[in-house]
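Structural features, examined
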Amino acid sequence: MLNFATVGTGWITESFIQAAHLSKQLKLHGVYSRSFDKGKQLADAHQARAVYTDIEEMAQEQEIDVVYIASPNSVHFEQALLFLKNNKHVICEKPIFSNLKELEIAYQTAEEHGVYLFEAIRNIHTPNFQILKEQLHRAGKIRSTILPYIQYSSRYDLFLQGEEPNIFSAKYSGGALADLGVYPTYLAAGLFGKPNKVSYHPVILRSGVDGSGTLVLEYNDFVCTVLCSKISHSDLPCEIHGEKGTFQLEDAAPISKITFIDSHTKDAQVLSVELEEENMMYECMNIADIITAKNDLQYEELKNLSKIVLGITEEARKQNNIIFVSEK
Ligand SMILES: NC(=O)c1ccc[n+]([C@@H]2O[C@H](COP(=O)([O-])OP(=O)(O)OC[C@H]3O[C@@H](n4cnc5c(N)ncnc54)[C@H](OP(=O)(O)O)[C@@H]3O)[C@@H](O)[C@H]2O)c1
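The rules we used
- Residues numbered from 1 in each chain as written.
- Predicted model: local features only at pLDDT ≥ 70, side-chain atom pairs only at ≥ 80, totals over all residues.
- Heavy atoms only, no water.
- Near = heavy atom within 4 Å.
- Polar contact = N/O pair within 3.5 Å; in protein donor to acceptor, adjacent residues only side chain to side chain.
- Areas by Shrake-Rupley, 256 points an atom, 1.4 Å probe, with all protein chains shown as cover.
- Helix = DSSP H or I, 4+ residues; strand = E, 2+ residues; numbered from the N terminus.
- Pairing = 2+ DSSP bridges.
- Axes fitted to C-alpha atoms, helices over the stretch in contact; angles between N-to-C directions.
- Contact = heavy atoms within 4.5 Å.
- Phe/Tyr/Trp six-rings, centres within 6.5 Å; stacked < 30°, edge-to-face > 60°.
- Buried < 20%, exposed > 50% of the residue type's maximum accessible area, 1.4 Å probe, protein only.
- Lys NZ or Arg CZ within 6 Å of the ring centre and 35° of its normal.
- Salt bridge = Lys/Arg side-chain N within 4 Å of Asp/Glu carboxyl O.
- Expected span 1.5 Å × (residues − 1).

Attention now goes to the site of the ligand. Neighbouring the ligand are 23 residues, the closest being Thr9, Ser33, Lys38, Asn73 and Arg122. A distance of 2.6 Å separates an oxygen atom of the ligand from a polar side-chain atom of lysine 38. Contacts to the ligand include arginine 155, whose side-chain N or O atom sits 3.1 Å from an oxygen atom. Taking 900 Å² as the accessible area of the ligand by itself, protein coverage stands at 84%. At the level of elements, helix H1 (11-23) and helix H8 (176-192) are the ones that each hand at least two residues to the shell around the ligand.

This is how it looks when you write it as C-alpha cells:
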C-alpha cells in the first residue's frame, strides 16, 4: 500500500481520494490546503491523518510516498518540482504543465531522485482504451477521425459576468485545449502516435486564451480533427473512420461505450465494458502498479504520451499567439 497526500481542495481531489480508496493500493495520509479550515474539512471527510498548510513541511514528510496535485494548471510545475526533489512520486492533474520545457525539467528531476512523475488523465487508463487499441485493426486503413469534447462550463457564466475564472485565464494556463482538448489529443496520440503536422484554429476570448477551437492533426494517410469547447455544448460522439469499419466512442473521456460498425454489413457491435462509476480508479490502479513494480517500460510509454500531447498543445498555442503569463 502506498501512502499519498493531496494538493488542492476542489471536487476533483475528492473524486481522486475516492478512486484511490477503491483501488485498494493508495492510502490517504494527508491533505495540503492554503486554508487550514478547508484542509481540515477534506481530511475529516476521508479520515486523513494530517492537514498541512505548509507545503514544504508536507514535502518533507517521510511517510508520504506519492503526492496528487490538483491545483490550477500554472501552479503544477513549481509544486511538482518541490515534491520530486523530496523523493515523492507525483501524480499531476492534466494538463501536466504549461510547456515542454517544464516537462523536460520535471522528468529530469524525477529521474535524479529515483521517483516517477505521472499526468492524471483518466481516459487512457480505462479498460475500454485497451479494447480500442486491440480492436483498432478491424477498421482497416484509417481515413478520417473526429474527436470532439465540447462541454459548456458553468464558469463561463462567471466569465460572461466580467470575472476571470482560472480555467479561462492566461495567468493560470487555462483555455479549452489545455482543459478539455487534452483528452481527445491523448486518444489521438495513444492510438496514432505523434502527428506529422499540427494546426489549431481557436476562438480567442478577451482573456487571451481559447474558449473553443478546432485542432487538426495530420497523419500519413488521414487527418484527425479534435474539437474542444468550454463555451458551447454538444453530445457528438467521437468517430474513427476506416475503410472496413467505423469506431464510435460515446465520449473522449472516460470512454464509456465503444461501438464498431462494419462498413459493408452496417452491423453494429458494442465492444466496451461497463466502467466503474468512479472511473479515476483505473488510473490509480495502473499508476500504483507501475510504482510498486518499478515498471520502467510502462512509465516510459506514459512519459512519451505526455510529451507528444504537451508538444501538440504548445505548438497549437504558439501558432495562435496564446501565451501563458508564466511564459512571458
Ligand atoms: N481529471 C479531471 O477530470 C479533472 C477535473 C477537474 C479538474 N481537473 C484538473 O485539476 C486541476 C484543478 O482544477 P480545479 O478546477 O479544481 O482548479 P481551481 O478550482 O482553480 O483550484 C484547485 C485548488 O487549488 C488551490 N488553489 C487555487 N488557487 C490557487 C493558487 N493561486 N495557488 C495555489 N493553489 C491554488 C485551491 O485549494 P486550496 O484553497 O485548498 O489551497 C483550489 O481548491 C486543474 O489542473 C484541472 O485541469 C481535472
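Across the sheet, eight strands lie side by side as S8-S9-S10-S7-S11-S12-S13-S14; this open sheet has mixed pairing. The strands lining the two open edges of the sheet, one partner per strand, are strand S8 (197-204) and strand S14 (268-270). For this sheet the average axis-to-axis angle between neighbouring strands, irrespective of direction, equals 10°. Where H8 meets the sheet, its contacts fall on strand S7 (142-150), S8, strand S9 (210-218), strand S10 (223-229), strand S11 (238-242) and strand S12 (245-249), and the angle it forms with S10 comes to roughly 155°.

A separate point is the packing of aromatic side chains. This structure, assessed with the given rule, holds 16 aromatic pairs. Where tyrosine 219 meets phenylalanine 222, the ring centres are 5.2 Å apart and the plane angle is 15°; that geometry is what we call stacked. Exposure class is identical for tyrosine 219 and phenylalanine 222. Each is buried. Sitting above the plane of the phenylalanine 159 ring, arginine 206 keeps its charged end 3.8 Å from the centroid. Positioned above the aromatic ring of tyrosine 107, the side-chain terminus of lysine 303 is 5.0 Å from the ring centre.

Take the side chain of histidine 29 next. Its place among the elements puts histidine 29 in strand S2 (residues 26-32). Relative accessible area serves as the criterion here: at 4%, histidine 29 is assigned to the buried category. Excluding its chain neighbours within four sequence positions, the residues that come into contact with histidine 29 are Asn3, Phe4, Ala48, Arg49, Ala50, Tyr52, Glu61, Glu63 and Ile64.

With that settled, consider unusual backbone geometry. In the segment running from lysine 94 into proline 95, the intervening peptide bond is cis, with an omega of -15°. Residue position: proline 95 is located in the loop between strand S5 (89-93) and helix H5 (100-112). In this structure, the amide linkage connecting alanine 253 to the following residue, proline 254, adopts the cis form with an omega of 5°. Structurally, the position occupied by proline 254 is in the loop between S12 and strand S13 (258-262). Look at lysine 24: it is not a glycine, yet its phi comes out positive at around 60°. Looking at where lysine 24 falls in the secondary structure, it is placed in the loop between H1 and S2. Assessed through its relative accessible area of 67%, lysine 24 is described here as exposed.

A separate point is the pattern of salt bridges. Inspection of the entire model under this criterion finds nine salt bridges. Arginine 143 is the salt-bridge partner of glutamate 243, the closest N and O atoms lying 2.9 Å from each other. Remark: arginine 143 occurs in strand S7 and glutamate 243 occurs in the loop between S11 and S12; sequence separation between them is 100 residues. Residue glutamate 243 is classed as partly exposed on the basis of its relative accessible area, which comes to 44%.

If you check H1, its first and last C-alpha atoms are 19 Å apart, about what 13 residues at 1.5 Å a residue would give, namely 18 Å. Among all positions of H1, only Ile12, Thr13, Ser15, Phe16, Ile17, Ala19, Ala20 and Ser23 are buried. The elements touched by buried residues of H1 are strand S1 (2-7), S2, helix H2 (36-45), strand S4 (66-69), S5 and helix H9 (281-293). After H1 finishes, the residue lysine 24 shows a positive phi value of roughly 60°.

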